[in-house]
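These are the residues of each chain, in order.
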Amino acid sequence: MQWIAIHLPQLPLEIFGLPTPEPCAIAHGGCVLACDARATARGVRPGLAVPAACALVPSLAVRERDPAGETEALIGLAGWAMQFTPSVALEFPAALVLEVEGSLALFGGIEPILVALRKGLVDMGFSASVAGGPTAKSAVWLARAGRETLLVPDMLRATVAELPVQMATDEIETLEALAAIGVTTIGDVLRLPREGVARRFDRRLLGEIDRALGRLPDPHTFFTPPPRFHARLELPAEVTQADMLLFAARRLLVQLAGFLAARASGVQRFVLRLFHRERRTTEIAISLVAASRDAEHFIRLLRERLGATTLSEPVRSIALAAEAIVPLAGEPLPLFDDPARGHGDWARLVERLRARLGTAAVHGMTISAEHRPERASRPLDPVLGKRRRSSAPSVAPAGSDGGAGPRPFWLLPNPQPLAERGAVPYHGGPLMLLAGPERIESGWWDGSEIARDYFIARTADQALVWVFRERPTPGPSAGGGWYLHGLFA
Amino acid sequence: MLPAYAELHCLSNFTFLRGASHPEELVARADALGYSALAITDECSLAGVVRAHLAAKDVGLRLLIGTEITLSDAAGTGPKLVLLAQDRAGYGNLSELITRGRRNARKGAYRLTCADLDTGLPGCLALLVPGNDSAGVSDLAHARWLDERFPGRAWVAAELLCGPDDRASLEQLHALAQAANLPLVAAGDVHMHVRSRRRLQDTLTAIRLGRPVHACGKALHPNAERHLRLRVRLAQRYPAALLAETLRIAERCAFSLDELRYEYPEELVPAGETPASHLRKLAETGLTWRFPHGAPAHVRTQVEHELALVADLGYEPYFLTVHDIVSFARARGILCQGRGSAANSAVCYALGITEVDPARMSMLFERFVSRERNEPPDIDVDFEHQRREEVIQYIYAKYGRHRAALTATVITYRTKSAVRDVGKALGLDLHQIDRLTSSLAWWDGQRALPGRLREAGFDPASAVIERLVELVATLTGFPRHLSQHTGGFVIARDRLSRLVPIENAAMPERSVIEWDKDDLDALGLLKVDVLALGMLSAIRRALDLAGRRRGVRLTVADVPAEDPGVYEMIQHADTIGVFQIESRAQMSMLPRLRPACFFDLVIEVAIVRPGPIQGGMVHPYLRRRAGLEPVSYPSEAVRAVLERTLGVPIFQEQVMSLAVVAAGFTPGEADRLRRAMAAWRRKGGLEPFERRLKDGMRAQGYTEGFADQIYRQILGFGEYGFPESHSASFALLVYVSAWLKRYEPAAFCAALLNSQPMGFYAPAQLVQDARRHGVAVRPVDVTASDWECTLESPGSRESPAVRLGLLMVKGLPQASAERIVRARAERAFDSVADLARRAGLDRRDLRGLAAADALAALSGHRRTAHWQIAGFETAPVLLRDAPIHETDPALPAPTEGESLVADYASLGLTLGRHPLALLRDRLRRKRLATAAEIRAMPHGRFARAAGIVTGRQRPDTASGVVFVTLEDETGHVNVVVWRSLGERQRRELLGSRLMAVHGVVEREGEVVHLVARQLVDESALLGRLLTRSRDFH
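Rules used in this analysis
- Residues numbered from 1 in each chain as written.
- Chains lettered and ligands numbered in written order.
- Predicted model: local features only at pLDDT ≥ 70, side-chain atom pairs only at ≥ 80, totals over all residues.
- Helix = DSSP H or I, 4+ residues; strand = E, 2+ residues; numbered from the N terminus.
- Rg over C-alpha atoms; globule rule 2.2 N^0.38 Å.
- Buried ≥ 20, exposed ≤ 12 C-beta atoms within 10 Å, placed from the backbone.
- Contact = placed C-beta atoms within 7 Å.
- Domains from an automatic or database assignment.
- pLDDT = per-residue confidence, 0-100.
- Axes fitted to C-alpha atoms, helices over the stretch in contact; angles between N-to-C directions.
- Parallel < 35°, antiparallel > 145°, perpendicular 65-115°, else oblique.
- Nonpolar A, V, L, I, M, F, W, Y, C, P; charged D, E, K, R; others polar.
- Pairing = 2+ DSSP bridges.
- Expected span 1.5 Å × (residues − 1).
- Arc of directions from axis to C-beta.
- Core = buried A, V, L, I, M, F, W, Y, C linked by C-beta atoms within 7 Å.

A.B. asks: Sorry if this is basic, but what is going on with the overall build of chain B here?
C.D. replies: In terms of helices and strands, chain B carries 44 helices and 23 strands. For chain B, whose C-alpha radius of gyration is 33 Å, the value lies close to the compact-globule estimate of 31 Å for 1033 residues. Considered along the principal axes of its C-alpha atoms, chain B spans approximately 95 × 80 × 70 Å. For chain B, with 1033 residues in total, the buried portion stands at 49%. Here the contacts in chain B between residues at least 6 apart in sequence split such that 71% fall between residues at least 24 apart.

A.B. asks: What's the story with the overall build of chain A in this structure? I'm lost.
C.D. replies: Looking only at helices and strands, chain A has 17 helices and 19 strands in total. In chain A, buried positions account for 34% of the 489 residues. Considering only intrachain contacts with a sequence separation of at least 6, the fraction spanning at least 24 residues in chain A is 55%.

A.B. asks: Is there a simple way to explain helix α32 (residues 745-754) of chain B in this structure?
C.D. replies: Residues separated by three or four positions in an α-helix point in the same direction, a consequence of the helix having 3.6 residues per turn. Residues and elements named next belong to chain B. Across the 10 residues that make up α32, a large majority, 10, are buried. If you check which residues of α32 are buried, you get Pro 745, Ala 746, Ala 747, Phe 748, Cys 749, Ala 750, Ala 751, Leu 752, Leu 753 and Asn 754. Those residues of α32 that are buried are in contact with α20 (534-550), α31 (724-743), α33 (763-772), β16 (790-792) and β17 (801-803).

A.B. asks: Looking at this model, I keep getting lost on the domain arrangement of chain B. Mind explaining?
C.D. replies: Frequently, the measure chosen for interface size is the accessible area that the parts lose on association. When cut into domains, chain B gives domain 1 (6-193 + 228-259), domain 2 (260-384), domain 3 (560-733), domain 4 (776-907) and domain 5 (915-1031). Spacing between the C-alpha centres of domain 1 of chain B and domain 3 of chain B amounts to 51 Å.

A.B. asks: I tried to follow the confidence of the model for chain A on my own but got confused; where do I start?
C.D. replies: Low pLDDT means the predicted coordinates in that region are not meant to be read closely. Residue and element names in this part refer to chain A. On average, residues of chain A score 80 in pLDDT, and 84% of them are at 70 or above. Within chain A, no element has a lower average pLDDT than helix α17 (residues 384-388), which sits at 43, and none a higher one than strand β1 (residues 3-7), at 95. Confidence over residues 328-344 falls short of pLDDT 50; this stretch has 8 contacts with residues more than four positions distant or in other chains. With pLDDT under 50 throughout, residues 384-402 is counted as low confidence; its partners more than four residues away or in other chains account for 26 contacts.

A.B. asks: Can you help me understand the packing of helix α21 (residues 564-571) of chain B against α31(B) in this one?
C.D. replies: For any two helices packed against each other, the geometry comes down to the angle between their axes and how far apart the axes lie. Residue and element names in this part refer to chain B. The geometry of α21 relative to α31 is characterised by a closest axis approach of 9 Å and an angle of 95° between their N-to-C directions. For the element pair α21 / α31, the angle class is roughly perpendicular. Taken together, the residues of α31 that come into contact with α21 (itself represented by Gly 565, Val 566, Met 569 and Ile 570) are Tyr 735, Ala 738, Trp 739 and Arg 742. Of the residues contributing to the contact of α21 with α31, the split by class is 6 nonpolar, 1 polar and 1 charged.

A.B. asks: What's the story with the confidence of the model for chain B in this structure? I'm lost.
C.D. replies: When the pLDDT values of chain B are averaged, the result is 86; 91% of them are 70 or greater. Scored as a complex, the prediction yields pTM 0.72 and ipTM 0.70.

A.B. asks: I would appreciate a short explanation of the sheet that holds strand β15 (residues 777-778) of chain B in the present structure.
C.D. replies: Strand pairing in a sheet is mediated by backbone hydrogen bonds. Such pairs are either parallel or antiparallel. All names here are of chain B. Sheet architecture is open: 3 strands sit in the order β15-β17-β16, paired in mixed fashion. With partners counted over all chains shown, the strands left at the sheet margins are β15 and β16, one partner each. Judged from the 3 bridges that link them, β16 and β17 form a sheet pairing that is antiparallel. Looking at the pairing, Leu 791 lines up with Val 802 of β17.

A.B. asks: Help me understand helix α40 (residues 896-907) of chain B, please; the structure alone is not making it clear to me.
C.D. replies: Residues and elements named next belong to chain B. Across its 12 residues, α40 extends 16 Å between first and last C-alpha, which sits within 8% of the 16 Å expected from 1.5 Å per residue. Along α40, the residues that are buried comprise Leu 900, Ala 902, Asp 903, Ser 906 and Leu 907. Mapping the buried residues of α40 onto a view down its axis gives an arc of 170°, with all of them on the same face. Gly 908 sits one or two positions beyond α40 and adopts a positive phi of about 80°.

A.B. asks: Just to check I follow, could you spell out the environment of Ser95(B) for this structure?
C.D. replies: Note that Ser95(B) resides in helix α3 (residues 88-103). Sequence separation between Ser95(B) and Glu263(B) is 168 residues, and the spatial gap between their C-alpha atoms is 16 Å.

A.B. asks: How do you make sense of the sheet that holds strand β7 (residues 129-133) of chain A when you look at a structure like this?
C.D. replies: Residues and elements named next belong to chain A. Pairing in this open sheet of 4 strands is antiparallel, and the strands run β5-β6-β1-β7 from one edge to the other. With partners counted over all chains shown, the strands left at the sheet margins are β5 (88-91) and β7, one partner each. Direction aside, the axes of adjacent strands within the sheet are offset by 20° on average. Its contacts with the sheet place helix α4 (residues 67-81) against β5 and β6 (95-99), and it is angled at close to 20° to β6.

A.B. asks: Would you mind showing me how to read the pairing of strand β21 (residues 994-1004) of chain B here?
C.D. replies: The side chains of a regular strand alternate between both faces of the sheet. Residue and element names in this part refer to chain B. In this sheet, β21 lies alongside strand β18 (residues 942-953) in antiparallel orientation, the contact comprising 7 bridges. Following the sheet pairing, Gly 947 is matched in β21 by Met 995. Here β21 pairs with strand β22 (residues 1007-1017) via 10 bridges, running antiparallel. Each residue of the ladder has a partner; that of Val 997, found in β22, is Leu 1015. Counting the residues that bridge the hairpin from β21 to β22 gives 2 residues, and of these Gly 1005 lies at a positive phi of roughly 65°.

A.B. asks: So what exactly am I meant to see when it comes to the nonpolar core here?
C.D. replies: The tendency in soluble globular proteins is for nonpolar side chains to be buried side by side. The biggest cluster of nonpolar side chains holds 385 residues, and the ones touching the most others in it are Ala5(A), Ala25(A), Leu256(A), Leu38(B), Leu127(B), Val734(B) and Cys749(B). Each residue touching Leu127(B), except ones within four places of it in the same chain, is listed here: Leu8(B), His9(B), Leu81(B), Val82(B), Trp155(B), Ala157(B), Val185(B) and Ala187(B). Membership of the second largest hydrophobic core comes to 30 residues, among which are Leu919(B), Val975(B), Ala996(B) and Ala1012(B).

A.B. asks: How should I be thinking about the environment of Leu204(B) in this particular structure?
C.D. replies: Residue and element names in this part refer to chain B. Relative to the helices and strands, Leu 204 is located in helix α6 (residues 198-209). It is 8.1 Å that separates the C-alpha atoms of Leu 204 and Gly 19, two residues lying 185 residues apart in sequence. Ignoring anything within four residues of it in the chain, the contact list for Leu 204 reads Leu 17, Arg 18 and Ala 20.

A.B. asks: Is there a simple way to think about unusual backbone geometry in this case?
C.D. replies: Glycine aside, the phi torsion of most residues is negative, and most peptide linkages are trans. Along the chain, Phe92(A) connects to Pro93(A) via a cis peptide bond; the corresponding omega equals 0°. Among the structural elements, Pro93(A) can be located in the loop between β5 and β6. The phi angle at Gln462(A) is positive, at roughly 70°, despite the residue not being glycine. Position of Gln462(A) relative to the elements: it lies in the loop between β17 (450-458) and β18 (464-470). Phi at Cys44(B) takes a positive value of approximately 40°, unusual for a residue other than glycine.

Set out below in structure tokens:
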């Protein structure tokens, strides 16, 4: 059997599709897990404590490790690699192993496969170490050890023996015990009496070595790709330029092409979603005249579209989805279960209203714990909002301040200035202040600080309104004016 | 006409993370606003009242003492009350209530229920702070309950804070008060002295809740009304009757903290004696013990003088208390010695509290006890650090936990902790905060903040950072929590909790009062400091070891005085391990000062201090001593004060005496000057003394120049000057430890190792030093080592060898080591298996021993040992029977480098070659010289050296200079890194474990420094070797 292993030493870093402006490091458990070349050049190394790394490179951008993102990337790569063989297995945390015996004839030997693999990985922006061997384990170990060789069966034992013993186990206690007796390579283990080793150390150690050497079978569960293509890419920093996005999307498009190649199919339409702050998204749908799986073609089309698109706001992550995969032409699979189901007429009403008035004109409301009236309620999606209610932060009220005062039914989106005559506010006539002042001074932390005295007032025509007088703040706005902020029903 | 008002509900920042103003700020503001009185009512705490009391006394404001308490009920929260003390008895009840609440809960919290007030807290008034329950049901129930418990002493508080509808609230409150038949009174729920503290108050809330301020929602106060409001505003908000009611309450609270009087324990005086007669008797006995041939006349006079003053002030019980504690320690063989100004007392010497012979020192008893100061003396006693706990337990046992407790230390926000907490509150992510705090890790104050921010990649002009900087500036200095003082005990005659509330401490079985040392000082309460000193442990151990070897019992008294060999060693700065004079700064002073008698040591201890250094005393003294500069005095009176130190003031007492003889200060004034000296750097306030001093000196005919010089020296002293008495106490320990090092180097080394952690040097350096002095040091060995390091005779007449003890083995518990020693006493071990079985060792013990190479005698080298013990681990059953017979594989022996790494990892030192000896060829190729070569180089020579970094120091006096100590196989290189280089090469300076330095040799006599021009981090050469540096102590 012929195996090829791909190890991605920088995966935690490279799942973020773009380089950051500053040197970058990925942190895990307070230590650096991976870092880019610029950080390395200035002395940052994996294993270094994060504060120490920041002391070396004060501008270092540190991101917390994203294991889910790594898995997602690995799965994406597995889908892509299936263009070379149907037998692709994930080797967590950062490797793939391919059984290519059956593909050799098709591709004209192993070298062309290696070349194509390396080129594709570079295209997608991954640093990878690729190695081949007669057993899956030997190939993976070589790749992990950074020895990009193609191992022939005759050399198996001698080469594996040279590898560090850390390949065979990652159990700290075993490694420490081995280090204590001076064992550093797999060869050192093989030189010890076998029964003695079996008695002293974790049994899995010898088992792993035996599998690497082909002395024990090493069955693999191969990867089954999902029926549709969906891949997401977190950007390391907010992106505002379209060409940067294209650069990042390239990886996803190459993956899509590999995914399609593996299933001998093409796609007629794909959608790139751009995610902004606060769950807002922009969708860019690309339709092809004829089905294709040519990555370069995809990239050309996307470049044109992006060229014509103005980004309304910065993008934090992107996702690529392809649903109309050609041999399966016909109805696209629904993205989720029908969200309207179970919501009855309410959801349909919202749909209908939105169809008439536009999506933005119809929204639900939720209260949030805030002193500032503008922020004490916020819009939410009437359909999704229902499901998300439980995730809203709940904050215990401060002792006596839990009860909010009376709040008007209708709050004006923007307070409306009122005329003032003889210290009395006017709104179609002098207002009579009934209750107040309720003083609200809050919000200094986000730059929208308010300092107001609210009153409930009666207008000349007996309507109740909510007005406030601005209090002088240390800031530039002098304050003192009267405003109408709400109407009581 | 503004209405009169007394604020009855006010939290200071001693209600941690709620109050946003210091007690002093609140008092000053209340006074400025013309309030008639102010109550400090911190939540279940009296921690801030002493500060408020002092501030109020200064401005003449009536201060009420009280507390805010929210009672917990089975159902959850009960009523919230403000309780105010009317008189001493009421204060005692309040203090006991707080104590009960605090001791019912974990540290930092409290728990009190309605049942705790069943007795109605006589002598206290109570205000109910109604909750926000709109139905008013529970408020009414609470009000009726309160009326029952506090008949005629209960009110409903009306706190109108610009809420949704204050008018309606007031009507409800009236209704509530009427229904319960209680009077209504105005109050402010004050959290800050001025409204501009609102941001900080919001931030404190966020820190308290552990979430960012934007996620705090309604937990924040809606506005800034909880401040000390203008009376004109109060008049607008409240009916006049409610404001007038505050005064009626204030009038009923007549209690002042000045009424607290310390009541000494009584049991130390035997029946039929008075405290005075008993103290005199003990002093007489002590004099006979100290001076078997009769005390010199001036000592007698001194004792009489002291006894008279002590009797006058009634301080006898205090001397008796300390005497009792010290006698206990003596009886147990625990070495102890008084430090600080107590060494100015001949009575303390006679009682065995201090060790400095009054016949040899000039004593300034007024520094210790002064009639004018009317403040109890402060006796600090050091005990062996590993046995201090016995002394503490003795105190608890003798006086009971209800009468003895530790004093508090108020932990305040420093820049670093403030940045951390404010950063979190502002929603910065953890990495950003870590980066901020680590870039502030050392040597920076508030001023450096913007620069550090920029360096860490933050824009100081951004809004978030601006807010952060502003909040950090205000928060810095805020109290954060109470911690226990290291050893300050307060002992009361009856229940201590009636004097001050007692809380639980972080350590179980400890309790802490809510006041710190300054609070106690201010109220004239007294405490005994039971301190720990590592050197006392080391000296006692060294004397024991040396005595056992010599077959006699050695005590400090047996150490011969003024031995020339000891001084010769000290003059060569051969002082690693010696008390005090082992630091880098001390060692570079020794060859210049060349101490030749005990008094020189006293000077040495006092002079290498930031005070004398900044005051510019060091160089004049050295020049005069070397005869390079004439010694002159402006008057005979000054000569009398300064003659012993060649006209240069070196001790704190001299500065005080100068103020007396040259500027006409009274001793009491001089003492106030001393206090001001100690505080001016933090608080300022020396200016009045400056005028008084200079005028006084001019009046007595001294020149302006002399007056200026003295004043500058006083400033320099600041808080860092040592009193002579203290220097003398320390100098005694210097001499004794130096004598041990000189004549019993093996015992001294073993004793230091057994007393770790202590001192300036790690075990590796202590062992290196001992071996350089010809002491044989033998490895840890299960067939020979005890738990502690021991002495073994070499079999010839040379000095004994040190056998490293099992305590050096990382991770080996003492109990396991003791089982090894016991099993070995029965019969020698014949194999590792035999050892494991008979000493009952588990796998961790065995692995620790193997890692330390302590099994070598039984198993051969480390690797074989590890192979063998790995074999037992998975077959524990077989251990008890015959082990499996297998032959050990021929494991290759570890290389010298590998052994070295393993030695350091387990023992922290190696008996093999120094790590740099192994690297020497590579260092030679880099043209790096050894420490020995550097020492031999002439002044001004360009040189390169490298060594393991064993210490980094940045003295406060040296404006940014960092001193780095490098160690190699031949000794130490002292590197000076100037500020500019340090900033340029921060990474190399802070990050190197093995550092190479290119620089210029600077030599002054025996003192050699290498002044760095460039630093190179060579740590990679060390590989996995663990080294330890002592940084910035």
